[in-house]
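Here's the letter readout for the chains.
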Amino acid sequence: MANYCRKCGQPLEEDYKVCPICGTKVYDEYQTNHAVNDMPDQYELLWGVLGFFFPLVGLILYLLWQEQKPLVAKYIGLGALIGFGSRVIFGFAGFTLFFPFRIFGLFF
Ligand SMILES: [Zn+2]
């Protein structure tokens, strides 16, 4: 497995920790790939589901967690968006019949 310096492209021996030419730190390939291809785990998907069922709660948490937990915020925000959108679409179907409940349902 040949490694190359990310900065200058210098071919590196496998056990090099730092590029001998430019001094850039060499990262372990597995760790780098793992970080890039980080799939959502159940924890994040669960927040997305929560956002779907409680769009307003999801929106608040999304705004609160944008800084500290960007990945969780992303999923809960996405869930809230889908949840809110589907409520609006399905809400119109029974809008006249269940008017007060639909308004309530839009937000909770
Ligand atoms: Zn280099």
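Here the structure is a predicted model, which is why all the values come from computation and not from measurement.

Break down the overall build of the chain for me, with residues and values.
A tally of regular secondary structure across the chain gives five helices and two strands. Split into buried and exposed, the 108 residues of the chain put 16% on the buried side.

Talk me through the nonpolar core; I want residue IDs and the actual numbers.
Trp47, Leu61, Tyr62, Val72, Ala73, Tyr75, Ile76 and Ala80 form the largest nonpolar core, which has eight residues in total. Mapped onto this core, the elements with two or more residues apiece are α3 (55-65) and α4 (70-93). With five residues, the top contributor of residues to this core is α4. Residue contacts for Val72: discarding those within four places in its chain leaves Glu44, Trp47 and Trp65.

Give me the lowdown on the environment of Val49, citing residues and values where you can.
Examined against the element boundaries, Val49 turns out to sit in helix α2 (residues 42-53). With 14 C-beta atoms packed within 10 Å, Val49 lands in the partly exposed category.

Describe α2, naming the residues involved and giving the relevant values.
Since there are 3.6 residues in each turn of an α-helix, residues three or four apart along the chain are aligned in direction. Between its first and last C-alpha atoms α2 spans 16 Å; for twelve residues at 1.5 Å apiece the expected length is 16 Å, and the two agree. Within α2, burial applies to Trp47, Gly48, Gly51 and Phe52. Taken end-on, α2 shows its buried residues confined to a sector of 145°, consistent with a single buried face. Away from the buried face of α2 by more than 90 degrees, exposed residues Gln42 and Tyr43 are located.

Let's hear about the confidence of the model for the chain: which residues, and what values?
With 69% of its residues at a pLDDT of 70 or more, the chain shows a mean pLDDT of 77. Averaged pLDDT values over the elements of the chain bottom out at 50 in helix α1 (residues 29-36) and peak at 92 in α3.

I'd love a proper account of α3, names of residues and values included.
Inspection of α3 places Pro55, Gly58, Leu61 and Tyr62 among the buried residues, and these make up the whole buried set. In an axial view of α3, the angular spread of the buried residues amounts to 125°, which keeps them on one side of the axis. Facing away from the buried surface of α3 by more than 90 degrees, the exposed residues are Leu63 and Leu64.

Kindly report on the environment of Leu59, identifying the contributing residues and their values.
Structurally, Leu59 is set in helix α3. For the pair formed by Leu59 and Gly77, sequence separation is 18 residues and the distance between their alpha carbons is 5.9 Å.

Reading guide: rules and limits
- Residues numbered from 1 in each chain as written.
- Predicted model: local features only at pLDDT ≥ 70, side-chain atom pairs only at ≥ 80, totals over all residues.
- Helix = DSSP H or I, 4+ residues; strand = E, 2+ residues; numbered from the N terminus.
- Buried ≥ 20, exposed ≤ 12 C-beta atoms within 10 Å, placed from the backbone.
- Core = buried A, V, L, I, M, F, W, Y, C linked by C-beta atoms within 7 Å.
- Contact = placed C-beta atoms within 7 Å.
- Expected span 1.5 Å × (residues − 1).
- Arc of directions from axis to C-beta.
- pLDDT = per-residue confidence, 0-100.

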